[in-house]
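# Analysis of the macromolecular model
The lines below spell out each chain.
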Amino acid sequence: MDQTALECHRKAGRIAAQCREWARANIQPGVTIRHILETVESMIRQEGAEPGFPAQSSRNHVAAHYCSAPGDEQAYEEGDCVKVDIGVHVDGYIADTACTVDLSEDRRWTPLVKASEDALAAAIANVEPGRPVGEIGAAIERTIMAAGFQPVRNLTGHGLARWKVHTAPQIPNYGERGGGRIQPGCVIAIEPFASTGRGMIHEAGRAEVFMMVGPPRKAKGLDKDVLRAIQDWRGLPIARRYFRDLDPEALEDTISKLTKQGSLMRYPPLVEKEGVMVAQTEHSMYVSADGVEILTTV
């Protein structure tokens, strides 16, 4: 990794961390999810960067990918276990971070949140060049299970590359065999999810997050303005709320056509069983021959 790329990752990480801490302090019962997410994205742009993916805030049994739609008035409630997941890019170089906020008056979810936080610390302590990713996952699994919870086994950490949020290596939340190894000079995001349930998630609900995964094919009715606006994101994840200034019918029609032809991928919310609570903690880091640099610290 050259110095210019590393400095972009560092700047993205500083901005992401500042936004995460603002969100942590401002997530309160009665505040709308959309207010938090849109304010975060505004803060990112004010700092001269752009969202690496749409800011997301998932509650309770929803583990990830809840992204408020334009006009969404859903608000946080007392008793919620709230995740906030933030991505920032500077010239395509990405930082990814997340935290969980316990909104219960009796702090009933704090042990779950701490299990996720402690698992991240254990994982980072095991990161070094050449380390098998399964050993990092084993540290996450041991920590979460020792606290009396389950790791979410079908969500993983991941590498970060220019204009790509998810690249190799995948970093599991349990001690699997095989997989890759940590390479010097890489940037990775580790995100332990701790669950009060089985630790398995599935897709459910309306997707608000999308990503171009291939070149669009010519099709009748593809709106040129919408297509151009989507392609301007160069394959990074996007949300409907990015395109409020476009004709909503043309937007929906183009999204539908691109999805059917396989050029656009939908990412619905990822959920555990109803009644289960899930916590998430995440840092991005640069791994060099000299050690690990956490990019998403304040």
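It should be noted that the structure appears before, not after, this text.
Residues numbered from 1 in each chain as written. Predicted model: local features only at pLDDT ≥ 70, side-chain atom pairs only at ≥ 80, totals over all residues. Heavy atoms only, no water.

This next bit is on empty space enclosed by the protein. Overall, the coordinates contain one cavity of 30 Å³ or more when judged by the stated rule. Computed from the structure, the largest cavity encloses a volume of approximately 30 Å³. Those elements that place two or more of their residues in the lining of the largest cavity are strand E1 (50-59), strand E2 (62-64) and strand E3 (81-90). Of the residues assigned to the lining of the largest cavity, the class counts are three nonpolar, five polar and two charged. (1 Å grid on protein atoms, 1.4 Å probe; cavity = no way out; pocket = protein on both sides within 12 Å on 5 of 7 lines; lining within 4 Å. Points joined across faces, edges and corners; volume = space filled by probe spheres on them. Helix = DSSP H or I, 4+ residues; strand = E, 2+ residues; numbered from the N terminus. Nonpolar A, V, L, I, M, F, W, Y, C, P; charged D, E, K, R; others polar.)

What follows covers the nonpolar core. Ranked by internal contacts, the top residues of the largest apolar core, which has 29 residues, are Ile27, Val40, Ile44, Tyr76, Ile86 and Val88. Elements that contribute at least two residues to this core include exactly helix H1 (3-26), helix H2 (33-46), E3 and strand E4 (93-102). A total of seven residues in this core trace back to one element, the largest contributor, which is H1. In this view, Ile86 contacts Ala16, Cys19, Arg20, Val40, Ile44, Phe53, Ala95, Asp96 and Thr97; residues no more than four positions away in its chain are not counted. Residues Cys186, Ile190, Ala279 and Met285 belong to the second largest nonpolar core, which totals 25 residues. (Core = buried A, V, L, I, M, F, W, Y, C linked by side-chain atoms within 4.5 Å. Buried < 20%, exposed > 50% of the residue type's maximum accessible area, 1.4 Å probe, protein only. Contact = heavy atoms within 4.5 Å.)

As a further point, take helix H4 (residues 133-146). For H4, with 14 residues, the first-to-last C-alpha span of 20 Å sits near the 20 Å given by 1.5 Å per residue. Listed in full, the buried residues belonging to H4 are Val133, Gly134, Ile136, Gly137, Ala138, Ala139, Ile140, Glu141 and Ile144. On the buried face of H4, the contacting elements are helix H3 (110-125), strand E5 (150-151), strand E7 (164-171), strand E8 (186-190) and strand E9 (193-195). A positive phi of about 95° marks Gly148, the residue just after H4. (Expected span 1.5 Å × (residues − 1).)

Scanning all chains against the criterion turns up zero disulfides. Cys19 forms no disulfide, and the closest cysteine sulfur to it belongs to Cys99, at a distance of 11 Å. In this structure Cys99 is a free cysteine whose sulfur lies 11 Å from that of Cys81, the closest cysteine sulfur available. (Disulfide = S-S within 2.5 Å.)

With that out of the way, let us pick up the environment of Asp118. When you line up the elements, Asp118 lands in helix H3. The partly exposed category is assigned to Asp118, whose relative accessible area is 31%. With 108 residues separating them in the primary sequence, Asp118 and Val226 have C-alpha atoms 43 Å apart. Among the polar contacts listed, one links the side chain of Asp118 to the side chain of Lys114, at a separation of 2.7 Å. (Polar contact = N/O pair within 3.5 Å; in protein donor to acceptor, adjacent residues only side chain to side chain.)

Note that all results are geometric; they support no functional claim without further evidence.
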